[in-house]
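Understanding the architecture of this molecule
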Amino acid sequence: MRRIVLLVSVALLVATTAAQAGPIGLGVGAFGGLSWPILQDDVSNGSVFGVRVPVKALSMLTFEGYYEKSSLGDAEEEIGGVTYTREGFDHTGIGVNAVFGSGGLGAGFYPYVGIGSHQLTRTGTEDIKDTAWNFGLGYGIKAGAKLSVQIRGELNMIVTGDTSRKFGNATAGLTYSLMP
Amino acid sequence: MKNLRWILPSLAFALFAPGCILTSGQILIDFDLPNITASSSTGVVGEQIDLSNDSDYKDHKDDVKAIADYAVLGKFHNTGATDVDVEVWMTRDLTTLTSAGAVTGAGLKVWGPLKVPAGGTVTVDWDTSAKMFTAAGKQALLDEAKGDGNFTLYAVGAAGTYSFDVDNGVIALVIDFGI
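These numbers were taken from a predicted model, which means no experiment stands behind them.

The rules behind these values
Residues numbered from 1 in each chain as written. Chains lettered and ligands numbered in written order. Predicted model: local features only at pLDDT ≥ 70, side-chain atom pairs only at ≥ 80, totals over all residues. pLDDT = per-residue confidence, 0-100. Contact = placed C-beta atoms within 7 Å. Helix = DSSP H or I, 4+ residues; strand = E, 2+ residues; numbered from the N terminus. Nonpolar A, V, L, I, M, F, W, Y, C, P; charged D, E, K, R; others polar. Expected span 1.5 Å × (residues − 1). Buried ≥ 20, exposed ≤ 12 C-beta atoms within 10 Å, placed from the backbone. Arc of directions from axis to C-beta. Pairing = 2+ DSSP bridges. Axes fitted to C-alpha atoms, helices over the stretch in contact; angles between N-to-C directions.

1. Brief notes about the confidence of the model for chain B
- Scored by pLDDT, chain B has a mean of 87; 89% of the residues are at 70 or more.
- Taken over the whole predicted complex, pTM reads 0.84, whereas the ipTM for its chain interfaces reads 0.82.

In structure tokens:
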């Protein structure tokens, strides 16, 4: 966790420093959507929401700090003719994305990759707290001089040793440009 | 930007390579246990488990990395006159032990205790059951899943005189496969 926070801080510091020398951009955004577990029998889909702080470092690169929280649904499995329910995970994550192209502050398509520290908790399971990777594609639509709508599809992968817990996230959000 | 165009394909190649962290999943396998009767006077009966009887396990046996979740499920009915603490024990081979003393002497505790009041019935749900596994039991089950997959489970009372039945018993394991 400390390593990720340090990484996020360094990335944002670098981005801020670079922004001072290049095209400046700073925004703040909120998003919400759905999260689907991938290849996981013991949890089902749920909601996800969070905040982002994009800092434009170069004309085609934006670093974006994020915090997200997801309440995943209970899994229902029929075992031996009886339907059993397993509590879904509460999923929280903090990290940074490197957003290419228009970079989540403007309009158009953009790919992004990211790294974070994510945690999965539920009754009867030891907390899973590991490094997560994000891979996604976004589309921005201008909704005014300072405001844009950001729509994203993302693969979020929490690395658990030799395997991973994977989630597909579909979100929509609003980002407000503080600078310029 | 010129160099950036190689980043995503390279990353994708590394992640999608066979056996990598991306091509993994958490798959539920379960085993029905026959209706069990355990009594301090008439003895216990073990249930021999062969994980290879599950097709998902059989197909991915070599890819087992961890067990993500565990549950012993079923309806526990105390037919005795005193409360009973039910425990599940395991021997790491296929055995046919008949007394609780032999089971606790040769095996290790996997799950429990589950308190069932005298004459009462307790149906165990998944969330409750998952909390009741011992660390040694989890490790032993993982070792078996990575090993020959053969072991024997016994339900016994923790102490004293007891008599109970288990109906619709199931052991459920969510196995972390590196597909």
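So much for the structure itself; the text now carries on.
2. Remarks on the interface of chain B and chain A
- At the interface, 29 residues of chain B touch 25 residues of chain A.
- For the side of chain B that touches chain A, the secondary-structure elements that each account for two or more residues are α1 (4-16), β1 (25-32), β4 (64-78), α4 (126-130) and β9 (163-177) of chain B.
- Looking at the side of chain B that touches chain A, the element that brings in the most residues is β1 of chain B, giving 6 residues.
- The class makeup of the residues in the side of chain B that touches chain A is 16 nonpolar, 5 polar and 8 charged.

3. Considerations on helix α5 (residues 135-146) of chain B
Residue and element names in this part refer to chain B.
- Across its 12 residues, α5 extends 17 Å between first and last C-alpha, which sits within 8% of the 16 Å expected from 1.5 Å per residue.
- Those residues of α5 lying buried are Gly137, Ala140, Leu141, Glu144 and Ala145. Down the axis, α5 shows its buried residues gathered within 140° of arc, on one side only. Those residues of α5 that are exposed and angled more than 90 degrees off the buried face are Ala135, Ala136, Gln139 and Asp143.
- Residues of α5 that are buried sit in contact with β4, β5 (84-91), β6 (108-116), β8 (150-157) and β9.

4. Observations regarding the sheet that holds strand β6 (residues 90-100) of chain A
Residues and elements named next belong to chain A.
- Within the closed barrel, the 8 strands sit side by side as β1-β2-β3-β6-β7-β8-β9-β10. Their pairing is antiparallel. Going from strand to strand, the sheet's axes swing by 25° on average, the running direction of each strand aside.
- Of the pairings in the sheet, the one linking strand β7 (residues 108-122) to strand β8 (residues 125-142) comprises 14 bridges and is antiparallel in character. Of the residues in β8, the one forming a bridge with Gly108 is Gly140.

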